[in-house]
Amino acid sequence: KDKKTQELISKLKEFIKEFKVTTKKKLEENILNELNTLMHKKGFIKNVVVDINQAGDDVDINLFNSRGEKIDKGSLSMGERQMYASALLKALVDESDIEFPVFIDSPMQKFDKEHAEYVIKEFYPNVSKQVVIFPLIHKELTESEFELLKPNISKSYIIQNFSTDASKFVESTPENLIKTYNDLYAN
């Protein structure tokens with residue numbers, strides 16, 4: 001029994017090792033594909049390497065350019081950082097095979113018009129079955145961007161602030177959200 005147990009443990013360890021390698025490769029491919037989909041600079045990021053420490057509790061994601069040089073993520077523009085975060089989020093959601101809601105704060109803050117339109121039309125509707133977005137109306141989400149997003153909205157709310165210590169959720173139909181916001185805050 002001991003010999004058979006050791007043999008099964010050995011096979012299980014090998015399976016787990018192979019599974020981690022396969023998952024790591026798929027995650028690298030997914031991140032790279034999402035980055036190439038989101039970014040204007042085609043070919044800017046040529047390779048993604050996911051490094052997982054032995055214990056499996058620390059993950060480092062490295063981006064490389066076409067010359068094989070590691071890209072310092074700190075040197076990315078704020079928009080590129082937000083695209084990287086979005087690509088990472090989408091790749092992790094796809095890889096997890098778990099359907100969970102995605103919450104996004106300050107959704108379009110760092111995007112230019114073209115990126116914002118793509119994110120609204122392609123990214124938000126596909127990142128998860130339920131996406132909750134917390135924008136500042138007219139600042140992080142323009143009325144025209146909201147119009148693009150509207151067909152995918154099932155419910156909308158505005159946080160109405162009464163004072164620094166009190167607020168409440170005000171439900172609004174997606175069709176009336178901007179008007180409701182303007183009625184509450186346009187003064």
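See the structure above.
Description of the structure in this document. (Residues numbered from 1 in each chain as written. Predicted model: local features only at pLDDT ≥ 70, side-chain atom pairs only at ≥ 80, totals over all residues. Heavy atoms only, no water.)

### Some remarks on unusual backbone geometry
At step 1: In this structure, H138 is a non-glycine residue whose phi angle is positive, near 75 degrees.
At step 2: Considering the arrangement of structural elements, one finds H138 in the loop between β5 (131-134) and α4 (143-149).
At step 3: We classify H138 as partly exposed; its relative accessible area is 40%. (Helix = DSSP H or I, 4+ residues; strand = E, 2+ residues; numbered from the N terminus. Buried < 20%, exposed > 50% of the residue type's maximum accessible area, 1.4 Å probe, protein only.)

### A few points about the pattern of salt bridges
At step 1: Under the definition given, this model contains 10 salt bridges.
At step 2: Here E99 and K129 are joined by a salt bridge, their closest N and O atoms 3.5 Å apart. With E99 in the loop between α2 (78-96) and β4 (102-105) and K129 in the loop between α3 (113-127) and β5, the pair connects residues that are 30 residues apart, well separated along the chain.
At step 3: Under the relative-accessibility criterion, E99 is labelled exposed at 63%.
At step 4: Between K150 and E147 there is a salt bridge, with the nearest N and O atoms lying 3.0 Å from each other.
At step 5: What makes K150 buried here is its relative accessible area of 18%.
At step 6: For E147, a relative accessible area of 41% corresponds to the partly exposed category.
At step 7: Here the salt bridges do not stand alone but share partners, grouping K4, E7 and K11 into one network. (Salt bridge = Lys/Arg side-chain N within 4 Å of Asp/Glu carboxyl O.)

By themselves, these figures tell us nothing about what the structure is for.
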